[in-house]
Amino acid sequence: MAKFSVSRRIAVAIFVYTVCFSVSLVYALPYDDITKTVDKYELPNLPYGYGELEPYIDEATLRVHHLGHHAGYASKLNAALTKWRTEADVDPVASKSILEILQHLDQIPATHKGPIRNFGGGYVNHNIYWSVMSSNPRNLTRLPEGELLQLLNAHFGNYTRFKSTFTTQANALFGSGYVWLNVKLDSAGNEALLMSSSVNQDSPISDGLYPILVIDVWEHAYYLKHQNKRANHVESWWKVVDWNRVQGLRSWWKKALDEGKREEL
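Right, let's walk through the structure included here. What you see is a predicted model; the values in this text were computed from it and never measured.

The rules behind each value
Residues numbered from 1 in each chain as written. Predicted model: local features only at pLDDT ≥ 70, side-chain atom pairs only at ≥ 80, totals over all residues. Heavy atoms only, no water. Helix = DSSP H or I, 4+ residues; strand = E, 2+ residues; numbered from the N terminus. Buried < 20%, exposed > 50% of the residue type's maximum accessible area, 1.4 Å probe, protein only. Contact = heavy atoms within 4.5 Å. Areas by Shrake-Rupley, 256 points an atom, 1.4 Å probe, with all protein chains shown as cover. Core = buried A, V, L, I, M, F, W, Y, C linked by side-chain atoms within 4.5 Å. Pairing = 2+ DSSP bridges. Axes fitted to C-alpha atoms, helices over the stretch in contact; angles between N-to-C directions. Expected span 1.5 Å × (residues − 1). Arc of directions from axis to C-beta. Phe/Tyr/Trp six-rings, centres within 6.5 Å; stacked < 30°, edge-to-face > 60°. Salt bridge = Lys/Arg side-chain N within 4 Å of Asp/Glu carboxyl O.

## A short note on the overall build of the chain
So, step 1. The number of helices and strands found in the chain is 9 helices and 3 strands.
So, step 2. Among the 265 residues that make up the chain, the fraction classed as buried is 43%.
So, step 3. A separation threshold of at least 6 residues defines the contact pool for the chain, and within that pool the share at least 24 residues apart is 69%.
So, step 4. When the accessible surface of the chain is split by element, carbon and sulfur atoms take 55% of a total near 14000 Å².

See the structure below:
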């Protein structure tokens, strides 16, 4: 009996540790880094292994996308921020987080605006992109639920219509860029959903929007697997969209905005 009790306690301890570790992984998502005010932005860890989005996004693509393209944006953003922040007449916007900087893009001096827009946008856009996906080894059809589904139904008619419209925009976007689902707030703080697209590394954050879902349709996001067949990439991407994480990002924006308002008081 004593042995059983000890074994049971050990099993419970392992279970609790596993749950706590899993929870920490769930909440350590790349978009958390964009609110930090730091001298140097680090390349965030992915919330999954490089092979865990297979077969929808292949390991080779994910590695070069993260370790090559995203890392390049992080490095060039840091160089651009250092150059801007070390000027004689320091701009107060320069000392803010990259999130706040992108929210005040119109206040950046012309000599620095282009690099910050491109590299800061590239850094933040990828942080959000990684955060709304997860592995789907059982090939499940995952759907939004609860309040998020109600919002999608209210603004797009139903989920099927939303997905069709989003897919059409992703396939039709000329050149390189992203398609987004954003939260938009009116003057009274009421929440609406707005679909948008952006070219290059422009971010909807600079337009006063709060993105909660995004697909990257730059060719480097899919070319190794799909070559020029973007539609195949878009179709596969829906399989790794994690609607719990989309809802989590929506909740994160609410918290971030509330904290921002308290700091202003």
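## As for the nonpolar core
The tendency in soluble globular proteins is for nonpolar side chains to be buried side by side.
So, step 1. Within the largest apolar cluster, 67 residues are counted, with the highest numbers of intra-cluster contacts made by Met133, Phe162, Phe166, Leu213, Trp237 and Trp243.
So, step 2. Beyond its immediate chain neighbours, meaning those up to four positions away, Phe162 contacts Leu152, Phe156, Leu181, Met195, Leu213, Trp238 and Trp243.

## What about the sheet that holds strand β1 (residues 177-185)?
So, step 1. The 3 strands are arranged β2-β1-β3 in an open sheet whose pairing can be described as antiparallel. Only two strands of the sheet have a single neighbouring strand rather than two, namely β2 (191-199) and β3 (210-216). Here the strands of the sheet are splayed against their neighbours by 20° on average, with no regard to which way each runs.
So, step 2. Sheet topology note: the β1/β2 ladder contains 9 bridges and is antiparallel. When the bridges of β2 are listed, Asn182 appears paired with Leu194.
So, step 3. Relative to the sheet, helix α5 (residues 146-156) contacts β1, β2 and β3, its axis offset from that of β2 by approximately 75°.

## Here's the deal with helix α6 (residues 159-172)
So, step 1. Its 14 residues place the ends of α6 20 Å apart at the C-alpha level, agreeing with the 20 Å of an ideal helix rising 1.5 Å per residue.
So, step 2. Along α6, the residues that are buried comprise Tyr159, Phe162, Phe166, Thr167 and Ala170. The buried residues of α6 occupy an angular sector of 125° when projected down its axis, which confines them to one face. Seen from the buried face of α6, the exposed residues on the opposite side, beyond 90 degrees, are Thr160, Arg161 and Ala172.

## Notes on the packing of aromatic side chains
Here a ring pair, both rings aromatic, is described through the centre-centre distance and the interplanar angle of the planes.
So, step 1. In total, this model carries 15 aromatic pairs according to the counting rule given.
So, step 2. Their ring planes at 70° and their centres at 5.0 Å tell us that Trp252 and Trp253 sit as a pair that is edge-to-face. Trp253 matches Trp252 in its accessibility class, with the two residues each being buried.
So, step 3. Counting every residue linked through ring pairs, the aromatic cluster contains Phe156, Tyr159, Phe162, Phe166, Trp237, Trp238 and Trp243.

## Side note on the pattern of salt bridges
So, step 1. One pass over the structure, following the stated rule, counts 8 salt bridges.
So, step 2. A salt bridge links Arg63 to Glu59, with the shortest nitrogen-to-oxygen separation between them at 3.1 Å. One end of the pair is Arg63 and the other is Glu59, both in helix α2 (residues 59-85) and 4 residues apart, which spans about a single turn.
So, step 3. Overall, Arg63 belongs to the partly exposed group, its relative accessible area being 37%.
So, step 4. A salt bridge links Arg250 to Glu147, with the nearest nitrogen and oxygen atoms 2.6 Å apart. Here Arg250, found in helix α9 (residues 243-264), pairs with Glu147, found in helix α5; they are 103 residues apart in sequence, far enough to count as distant.

## Examining the pairing of β3
So, step 1. In terms of burial, β3 is largely enclosed, as 7 of its 7 residues are buried.
So, step 2. Sheet topology places β1 next to β3; 6 bridges connect them, and they run antiparallel. Bridge assignment links Leu181 to a residue of β3, and that residue is Leu213.

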